[in-house]
Amino acid sequence: MARLTPLRTKPASSAARVLDDWYVAARSDELRRAPLARTLLGLPIALYRGEDGVAGALLDRCPHRNVPLSAGRVEGRHLECGYHGWQFDRGGACRAIPGLCDGAAAGAKGRHVHAYPTREQDGFVWVYLPADQQPVAEGALPEPLREPFRFPHVDDPRYVTVRQTIDMRGTLHAAAENALDVPHTAFLHRGLFRGTGDRNEIDVEVRRWHDRVEAEYFGEPRPEGLIGRVLAPRGGTVEHVDRFLLPCIAQVEYRLGESHVVASTALTPIRDHETRLFGAVSFRLPFVPPRLGDAVARALVPLGMTILKQDARMLAKQTATIETFGGEQFVSTELDVLGPHILRLLRQAERGRAVPVEAPVVETTRMQV
Amino acid sequence: MARLTPLRTKPASSAARVLDDWYVAARSDELRRAPLARTLLGLPIALYRGEDGVAGALLDRCPHRNVPLSAGRVEGRHLECGYHGWQFDRGGACRAIPGLCDGAAAGAKGRHVHAYPTREQDGFVWVYLPADQQPVAEGALPEPLREPFRFPHVDDPRYVTVRQTIDMRGTLHAAAENALDVPHTAFLHRGLFRGTGDRNEIDVEVRRWHDRVEAEYFGEPRPEGLIGRVLAPRGGTVEHVDRFLLPCIAQVEYRLGESHVVASTALTPIRDHETRLFGAVSFRLPFVPPRLGDAVARALVPLGMTILKQDARMLAKQTATIETFGGEQFVSTELDVLGPHILRLLRQAERGRAVPVEAPVVETTRMQV
Amino acid sequence: MARLTPLRTKPASSAARVLDDWYVAARSDELRRAPLARTLLGLPIALYRGEDGVAGALLDRCPHRNVPLSAGRVEGRHLECGYHGWQFDRGGACRAIPGLCDGAAAGAKGRHVHAYPTREQDGFVWVYLPADQQPVAEGALPEPLREPFRFPHVDDPRYVTVRQTIDMRGTLHAAAENALDVPHTAFLHRGLFRGTGDRNEIDVEVRRWHDRVEAEYFGEPRPEGLIGRVLAPRGGTVEHVDRFLLPCIAQVEYRLGESHVVASTALTPIRDHETRLFGAVSFRLPFVPPRLGDAVARALVPLGMTILKQDARMLAKQTATIETFGGEQFVSTELDVLGPHILRLLRQAERGRAVPVEAPVVETTRMQV
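Below: a short report on this structure.

Reading the values: the criteria
- Residues numbered from 1 in each chain as written.
- Chains lettered and ligands numbered in written order.
- Predicted model: local features only at pLDDT ≥ 70, side-chain atom pairs only at ≥ 80, totals over all residues.
- Heavy atoms only, no water.
- Helix = DSSP H or I, 4+ residues; strand = E, 2+ residues; numbered from the N terminus.
- Rg over C-alpha atoms; globule rule 2.2 N^0.38 Å.
- Buried < 20%, exposed > 50% of the residue type's maximum accessible area, 1.4 Å probe, protein only.
- Contact = heavy atoms within 4.5 Å.
- Areas by Shrake-Rupley, 256 points an atom, 1.4 Å probe, with all protein chains shown as cover.
- Lys, Arg positive; Asp, Glu negative; His and termini not counted.
- Charge placed at Lys NZ, Arg CZ, Asp CG, Glu CD.
- Phe/Tyr/Trp six-rings, centres within 6.5 Å; stacked < 30°, edge-to-face > 60°.
- Salt bridge = Lys/Arg side-chain N within 4 Å of Asp/Glu carboxyl O.
- Buried area = accessible area lost by both parts, 1.4 Å probe.
- Polar contact = N/O pair within 3.5 Å; in protein donor to acceptor, adjacent residues only side chain to side chain.
- Nonpolar A, V, L, I, M, F, W, Y, C, P; charged D, E, K, R; others polar.
- Least-squares fit on C-alpha atoms with pLDDT ≥ 70 in both.
- Axes fitted to C-alpha atoms, helices over the stretch in contact; angles between N-to-C directions.
- Parallel < 35°, antiparallel > 145°, perpendicular 65-115°, else oblique.
- Left-handed = near helix turned anticlockwise from the far one by under 90°.
- Pairing = 2+ DSSP bridges.

### Concerning the overall build of chain A
Of the regular secondary structure elements, chain A holds 5 helices and 19 strands. Relative to a compact globule of 369 residues, whose C-alpha radius of gyration would be 21 Å, chain A shows 23 Å and is just as compact. Dimensions of chain A along its principal axes, counting C-alpha atoms only, are 80 × 65 × 40 Å. Across the 369 residues of chain A, 57% fall into the buried class. In chain A, 64% of the contacts between residues at least 6 apart in sequence involve partners at least 24 apart. In the form shown here, chain A has an accessible surface area of approximately 15100 Å², with 51% of it arising from carbon and sulfur atoms. Side chains of chain A give 47 positive and 46 negative charges; the mean places of these two sets differ by 4 Å.

Written as C-alpha cells, this is what we have:
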C-alpha cells in the first residue's frame, strides 16, 4: 500500500558523526567510585575513575561474554568485569582472568578491549573518539589529533559559574541551532526572554571560519523579558555574539557595560536523535556585590531550567514529527542565520577537517527582534 | 534460522486506505480553543477551530523546522506555530513569519503547508483526504468529489441520540466486520446481547451495491439478552438490517413495531491497525415517555460501553496474533455474511470507485441465532 | 552514515531452535481451568487441560478470525474460541461452529488447527515441537521421535524436592552456560556461593557424547559460601558433575558422603533471547531429620532465588549489550569448559541428531576455584 503523498519525505537528516574529536562524557562530580555507562555517538563506553583519581574510558563490552564492563567495579587502576572478574587497565589491556592457572595468560591476544583517551578539565570528563579504530592490543590507545575545548572564565575568580545538564531528543544540529537561535525566543519563551515589548530592526553579521561560525547582533536593545531585567536592570544596548565551534560547542555571549555573560554548552550526541547538553554559564555583574554572586546564580537556575525544558519539549516534538514523516524537510529564511552554516560545518567535518583559514567569510542581514 | 512452519503466514492484511473521501477527525465538542493533533490513515493533521468557529485541517508539520503545528495556538483564523510563530490560514498559506523585515515575504514559495477540506455536521468534524496531493501553494485546498455521510435522525426531535467514542486496535475492516457480525454476540457478549435462549434458524438476505453492502435478517426473534429486553419488553419479531457504506460507516438498524433504533458508526483508521469509532445511536421507543428518553439513554451508555470494550479487547488480541504470525489467515463460512464483502468494497475503492449500480446483487443464506 | 568501528560486530548469535524434541510449557500446578497462552521457540501455543484432566496444546490462533484460542474456555475435552465459539479437540480438529445450520460442516477442510503432542510428568507439562509441520487435518497430531527427560529423584521418598521458575533474558545457550559455569560464582555470587576463601587448583574432566556433555571436578573443596555451609556443615571434598543434555536440560550434581543434591533445570526458549527456567532441586541430607527436610527446603528457596536473580540481571545486561552491538563476539578460555561444547551440540541438533556414540570423548584441564 502506498503511503499518503505528504509522508513521502526524502530521508534527510541533520544527524552528524564527527570523529577524531572530543565529547563530554560526564560532569566530573558524576564520576565517583562506581563506573558509569555512557553512550557517545551510539558507542557504549564504560567510564570509570581509578583509585588514583584518573578517568578511564573503555568500550562497554567485556570481550569474554559481552556483558557491560560498566556493571563491574573499580579495582585499583583497573576496571573489573562483574561476571567473571576479568580486569582491564586504562589502555584496554586485560590484566587478570581469575581461575586461570597461568596468570600471565590473561594478556593473550584477543582478550583486550578498545580504550579511548580521556581528559578531565573545567569540571568535565572528555572522551576522544578516533575515526579509525585500531585492532585491540596492549597499548593501543589512540593518539588525539587535538585537545578539547576550554570553557572560558570557569576558573576566573571575578566570575560566578552555574552548570546545567539536560537531555534533548534531537540531533546535535537541532540542539545547537536551537541554543543559538534568536527568533524562537519571542514565541517559545514568551515573557521569559523576549517577546513582551516592541520589535526593533537590527543588523546581524555572520562570520564563518573553517571550524566555527558566529553571529553578532548590532543595535539589539536589552532583552525585555525577565532574564534581561535581571542581567541589565538599567537597560542599554547589548553586545551579543552567538557561536558554534566544531564539533560540539554552542556559545552565547552578552556584554553590557561592565556586565559579561558567557554561556558555553558542550553538546554530546548520545545517539543520532538524542543529545546531552553540558552547559556552564559564567557571569560577572558589576552591580551585584561579590558575596551575592552565588545567590544570584542559584536564583537563576530554575529560570534557566524552565527555558531549557521548553526547548527540550519542542525539540522532542520536532524529532517525533521528523520520525513520523521519515525525514527532515526544512525551509529556511534569512532569519536562520546559523543553523544552515552549522550543518555545513558538521558535514564537512564528517568527511575530514577543512583547511584552516585566517580571516572569516563575512555576511550581513537584518531582522526584527 | 528458519521460523517454525506455522509462523510462515503470507503477509495478508485487511488494512485499507480509501482516499478521495471523508473521515471523522473529532467530535465537535472536542474541538475547542486548543488545536488537536489527529492522525488519519497515518497522516498527522493539526485540527483547529478559528475564532470565527470554522474548523481548519493542516498537515501537522511546520515547513520551517518540522515541529507539529498542533502544538501551537489559534490566532484569529490562523494557526500559529509554537516554535517561531509562523502563521497559516485554513488553505495552508503562510501569512506571517515574525522577524522578517519584509512582511510580505511570508508567502514566498515553499512556505505553505498542505491543507484539507473540512465539514462540521451532525456533531462531528470531517476531514477530506485526496488521493492525489497537490504541491503546496496558496489556495491549493483540494476540491472534494463527494460530501460526507449524514447520520440519520440525530436532529429528529422524535429520537434520542447517544454518542460513544472508542479506539480499537485493529483495521477498519476488522472493526466494521465486528460491529456488523451477528454470530459473535452469543459468545463474546454472552448474556448481554444474545446467547441465553434457544437458537432459531433464520433467513439472511445480503444485498450488494457498488458502494455499500447490507444484510437483512428475517424471522429473528427479539434478542434474548438484557439489551433486547430493554428495547422490546414485550418480545416480538424484529426487522434487522446491518449495513456497511464506503468508506467508513457501519450501521445497525432495528425496528420492532413502533420502536426504531439505528446505530451508525464512523470508523476512522488512525493508522493501519488502529481505528477510532465515532458512534451515534438514535432511537425512538414508543413505550418510553419522551421526558424519560434521556434517562433511558444515559442508563444504556454503560451497557453499550461494556459491549464495546469486550469487542475492543477481542480485536486487540486478534491484531496482536496477526502481528505475531506476520499476517492474516482467515477462513470464512457462510455465517460471515458481510466481512468478505466489506473487504472487497474497500479493495475496489482503494483502486478507484466502482461504476454505480441501480439494483443490488442479492444472495440469501440461513443461520441459527 | 557509517557506524563506529567497534559496533560493526558480525551478527553471530547463540540462539538455537532444536526441533523434533520436547520443551516444558508449564508447571502442572499452573494449568488449571483457564487455558494458558505460552510461547515456545517463538510459536504461540494455547495450552489447556480438558475436563478429563489431560493437557492439550494447539497453535494459538483460531483459523476463523485469528484470535488466540487461549483467550477462550474449556468445554469438555475441547477448547472453545472466545470470539465465535468454534471448538477444537486435542488433535486440532474443529468440532463445532455455532450458527451453522449443518452441524457436520464444522469439520470441513481448512477449519482445523495445528496441534502438538503433550506429556505431563514429574510436575511439568511438556510439549513436542516437530521439525516438519504437517498441513492441518483431522488426526494430524505428529508422532514424537523420543520421550521427554525425566527429572531424577523428584518422586523418591528419600529426597526433598524444591521447584523454582524464573525468566532470563538471554538465549537457551547463555542460560545453560550460566547455570553450569563455575568461575562466575566467585564474582557474581560473591559470598553467597564461592569467592570468600583461598583459591585451590583442581582438575576438570570434560566428557562429550552425541547428545550431552558433562564436566566433573576433582579435588574441589566444599564451596565456601553460605550454600556450601548449609549443605556440608563439616566440610570435605565434594564430587561435583555439571551436565547439559539436549535439547534443554542443565543439571548440577553434588555428592558429599551420604549427602546428594541434584538440580535439574529445563530451559524453554520462549523466543530467541528469552528463556524460561523450570528447575527442580532434589536433595538428601543425612544430617537433616526427615521431618525437617521441607523446612530446610523452604529456607533455601529465598537464597536460591537471590542467586537466580543475580544471574538473570547479568544475562539481561549481556543480551542488551549483544543487541546494541548487533551480535555476540565471545572470547573463550580453558575455563569455559562447557559453553562452547553446548553450542556445538545445539548447532548439530538444529541440523539433525548426531549418530549415537557409546563412549564419550574425554578431555581434561585445570582451574583455580
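### Some words on the packing of aromatic side chains
Under the defined criterion, the tally for this structure stands at 15 aromatic pairs over all chains. A ring pair is formed by Phe124 of chain A and Phe278 of chain A, whose centres lie 6.1 Å apart and whose planes are at 75°; its orientation type is edge-to-face. One end of the pair, Phe124 of chain A, is in strand 11 (residues 124-129); the other, Phe278 of chain A, is in strand 18 (residues 274-284), and 154 residues separate them in sequence. The class for Phe278 of chain A is buried, based on a relative accessible area of 0%. Ring centres of Trp126 of chain C and Phe151 of chain C lie 6.4 Å apart, and the angle between their planes is 50°; on these two criteria the pair is classed as tilted. In this pair, Trp126 of chain C is assigned in strand 11 (residues 124-129) and Phe151 of chain C in the loop between strand 11 and strand 12 (160-168), connecting sequence segments 25 residues apart. The class of Trp126 of chain C is buried, set by a relative accessible area of 1%. Overall, Phe151 of chain C belongs to the buried group, its relative accessible area being 4%. Counting every residue linked through ring pairs, the aromatic cluster contains Phe124, Trp126, Phe149, Phe151 and Phe278 of chain A.

### Focus: the pattern of salt bridges
Enumeration over the complete set of coordinates arrives at 90 salt bridges over all chains. Note that Arg77 of chain A and Asp52 of chain A form a salt bridge whose closest N and O atoms lie 3.3 Å from each other. Within this pair, whereas Arg77 of chain A is found in the loop between strand 5 (73-75) and strand 6 (78-80), its partner Asp52 of chain A is found in the loop between strand 3 (43-49) and strand 4 (55-59), the two being separated by 25 residues in sequence. We note a salt bridge from Arg255 of chain C to Glu253 of chain C, for which the minimum N-O separation is 3.4 Å. Judged by relative accessible area, which is 33%, Arg255 of chain C ranks as partly exposed. Ionic contacts of the salt-bridge type, sharing partners, join the residues Glu205, Arg207, Glu214, Glu216, Arg243, Glu253 and Arg255 of chain A into one network.

### Quick word on the interface of chain A and chain B
It is common to give the size of an interface as the accessible area lost on bringing the parts into contact. On the chain B side, the residues contacting the 40 residues of chain A number 39 residues. Both faces combined, the contact of chain A with chain B buries some 3200 Å², and carbon together with sulfur accounts for 60% of it. Inspection of the chain A/chain B interface yields 3 salt bridges. Across the salt bridge formed by Asp336 of chain A and Arg65 of chain B, the nearest N and O atoms sit 3.7 Å from each other. Inspection of the region where chain A meets chain B yields 12 residue pairs in polar contact (both at pLDDT 80 or more). Counting only elements with at least two residues in the side of chain A that touches chain B, the list comes to helix 1 (172-180), helix 2 (185-188), helix 4 (293-325) and strand 19 (361-368) of chain A. With 8 residues, helix 4 of chain A is the largest single contributor of residues to the side of chain A that touches chain B. Among the residues making up the side of chain A that touches chain B, the classes are represented as 17 nonpolar, 12 polar and 11 charged.

### A few points about the interface of chain C and chain B
If you look at the interface, chain C gives 39 residues, while chain B gives 40 residues. When the two sides are added together, the surface that chain C and chain B hide from each other amounts to roughly 3200 Å², 60% of it contributed by carbon and sulfur. On the chain C side of the interface with chain B, the three residues burying the most area are Arg61, Arg65 and Tyr83 of chain C, jointly 23% of the side's total. Our count for the chain C to chain B interface comes out at 3 salt bridges. Summed over the shared surface of chain C and chain B, the number is 12 residue pairs in polar contact (both at pLDDT 80 or more). Classifying every residue of the side of chain C that touches chain B by side-chain character gives 20 nonpolar, 10 polar and 9 charged.

### As for the relation of the copies chain C and chain B
Note on the copies: chain C fits chain B at an RMSD of 0.0 Å, the axial shift is 0.0 Å, and the rotation between them is 120°. The transformation just described matches what one would write down for a three-fold rotation axis. Residue Glu323 of chain C of chain C places its C-alpha closer to the rotation axis than any other residue of that unit, at 13 Å.

### A word on the packing of helix 1 (residues 172-180) of chain B against helix 4 (residues 293-325) of chain B
Residue and element names in this part refer to chain B. Orientation of helix 1 relative to helix 4, taken along the N-to-C sense of each, is 140°, at an axis distance of 11 Å. Between helix 1 and helix 4, the angle is such that the two are oblique. Between helix 1 and helix 4 lies a crossing whose hand is right-handed. Side by side, helix 1 and helix 4 meet where Ala174, Ala175 and Asn178 of the first sit next to Asp311, Leu315 and Gln318 of the second. Class assignment of the residues belonging to the contact of helix 1 with helix 4 gives a composition of 3 nonpolar, 2 polar and 1 charged.

### Points about the environment of Gly219 of chain A
Residues and elements named next belong to chain A. Position of Gly219 among the secondary structure elements: in the loop between strand 14 (212-218) and helix 3 (226-231). As for Gly219 and Glu201, which are separated by 18 residues in sequence, their C-alpha atoms are 8.4 Å apart. Once residues lying within four places of it in the same chain are set aside, the contact partners of Gly219 are Ile202 and Thr237.

### Some thoughts on the sheet that holds strand 4 (residues 55-59) of chain C
Residue and element names in this part refer to chain C. Pairing is antiparallel across the open sheet formed by 4 strands, whose spatial order is 2-3-4-9. This sheet does not close on itself; its edge strands, each paired only once, are strand 2 (36-40) and strand 9 (115-116). When strand 3 (residues 43-49) meets strand 4, the two strands line up antiparallel, connected through 5 bridges. Bridging from a neighbouring strand, Arg49 pairs with Ala55 of strand 4.

### Observations regarding the pairing of strand 11 of chain A
Residues and elements named next belong to chain A. Among the 6 residues of strand 11, 6 are classified as buried, and the element is accordingly described as predominantly covered. Covered by surrounding structure in strand 11 are Phe124, Trp126 and Tyr128 together with Val125, Val127 and Leu129, the residues of both alternating faces. Pairing of strand 1 (residues 21-27) with strand 11, which is carried by 6 bridges, proceeds in the antiparallel orientation. Each residue of the ladder has a partner; that of Asp21, found in strand 11, is Leu129. Inspection of the sheet shows strand 10 (residues 118-121) paired to strand 11 by 4 bridges, in the antiparallel sense. Paired with Thr118 across the two strands is Val127, which belongs to strand 11. Between strand 10 and strand 11, which follow one another and run antiparallel, lie 2 residues, and Asp122 among them has a positive phi close to 60°.

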